[in-house]
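Summary of structural features
Listed below, chain by chain, are the residues.
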Amino acid sequence: MTLYFLIKYLHVLGAIVILGTGAGTAFFMLMALRSRDVAFIARTAETVVIADMLFTLTAVLLQPVSGAALMWQSATAWSERWLIVSLALYAVAGLFWVPVVFMQIEMRDLARKAATHNQELSPRYFALFHRWFLFGIPGFGSVMAILWLMIAKPF
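The following paragraphs examine the structure supplied in this document. Model, not experiment: these values are computed from the prediction.

Cut-offs applied
- Residues numbered from 1 in each chain as written.
- Predicted model: local features only at pLDDT ≥ 70, side-chain atom pairs only at ≥ 80, totals over all residues.
- Heavy atoms only, no water.
- Helix = DSSP H or I, 4+ residues; strand = E, 2+ residues; numbered from the N terminus.
- Buried < 20%, exposed > 50% of the residue type's maximum accessible area, 1.4 Å probe, protein only.
- Contact = heavy atoms within 4.5 Å.
- Phe/Tyr/Trp six-rings, centres within 6.5 Å; stacked < 30°, edge-to-face > 60°.
- Lys NZ or Arg CZ within 6 Å of the ring centre and 35° of its normal.
- Core = buried A, V, L, I, M, F, W, Y, C linked by side-chain atoms within 4.5 Å.
- Salt bridge = Lys/Arg side-chain N within 4 Å of Asp/Glu carboxyl O.

From N to C terminus, the protein includes four helices and zero strands. Written out in order from the N terminus, the α and β elements of the protein read α-α-α-α. Here the C-alpha coordinates of the protein stretch approximately 60 × 30 × 20 Å along the principal axes. Going through the 155 residues of the protein one by one, you find that 33% of them count as buried.

Have a look at this one:
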């Protein structure tokens, strides 16, 4: 196994982790909300925050490192259009993902409070959930586009 192959494997694995965790957490948050069970929603939100910090954050931090190493190993020019577009999309994904983390933390806290006091979820929770879901569209979509660019290198 070459160093290039190992780095490429880790880079692709990181992309899979970002996409998988993003899709998984969105699915579980949506299913929990549909249950209308406040305690279940609170437990799910807690798990989602942990998953994002453990898996997504780790992969997000390692992607630029492994990507730069791949560029160096392959002698690919930083001026390649597919790479420039990918980096721009990575920034877009980050601009949407960072606020989502804070929304998830606040939703977790609101759901915990409601569950502890045996209350319904507040209107603030639903507003945050709606915004969280909408922010996920360009954030997740950008990562999907990056993956395609990384594989296809169309220009």
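Structurally, T56 can be placed in helix α2 (residues 38–74). Apart from residues no more than four positions distant in its own chain, T56 is found in contact with T21, A51 and W97.

By the definition in use, this model includes four aromatic pairs. Between the aromatic rings of F27 and F28, the centroid separation amounts to 5.3 Å while the plane-to-plane angle is 75°, which identifies the pairing as edge-to-face. Taking 5.3 Å as the distance between ring centres and 40° as the angle between the ring planes, the aromatic pair formed by F129 and W132 counts as tilted. Here the residue F129 and the residue W132 both occupy positions in helix α4 (residues 123–152), the gap between them amounting to three residues, near one helical turn. Since its relative accessible area comes to 7%, F129 is described here as buried. Residue W132 is classed as buried on the basis of its relative accessible area, which comes to 5%. Its guanidinium or amino end placed over the ring of F155, R81 lies 4.5 Å from that ring's centre, counting from NZ or CZ. In this structure, K153 is placed above the aromatic ring of W82, and the distance from its NZ or CZ to the ring centre is 4.9 Å.

Membership of the largest hydrophobic core comes to 18 residues, with the highest contact counts inside it found for M29, I41, M107, L121, Y125, F129 and W132. Counting only elements with at least two residues in this core, the list comes to α1 (3–35), α2, α3 (81–116) and α4. Look past the residues within four positions of F129 in its chain and what remains in contact with it is M29, L30, L33 and M107.

Tracing the sequence through the fold places S86 in helix α3. According to the relative accessible area criterion, S86 is buried, its value standing at 7%.

Scanning the model with the defined rule gives four salt bridges in all. In this structure, the salt-bridge partner of R112 is E46, at a minimum N-O distance of 3.2 Å. Of this pair, R112 sits in helix α3 while E46 sits in helix α2, and the two are 66 residues apart along the sequence. Judged by relative accessible area, which is 35%, R112 ranks as partly exposed. Note that R108 and D109 form a salt bridge whose closest N and O atoms lie 3.0 Å from each other. Salt bridges sharing partners connect three or more residues here, namely E46, R108, D109 and R112.

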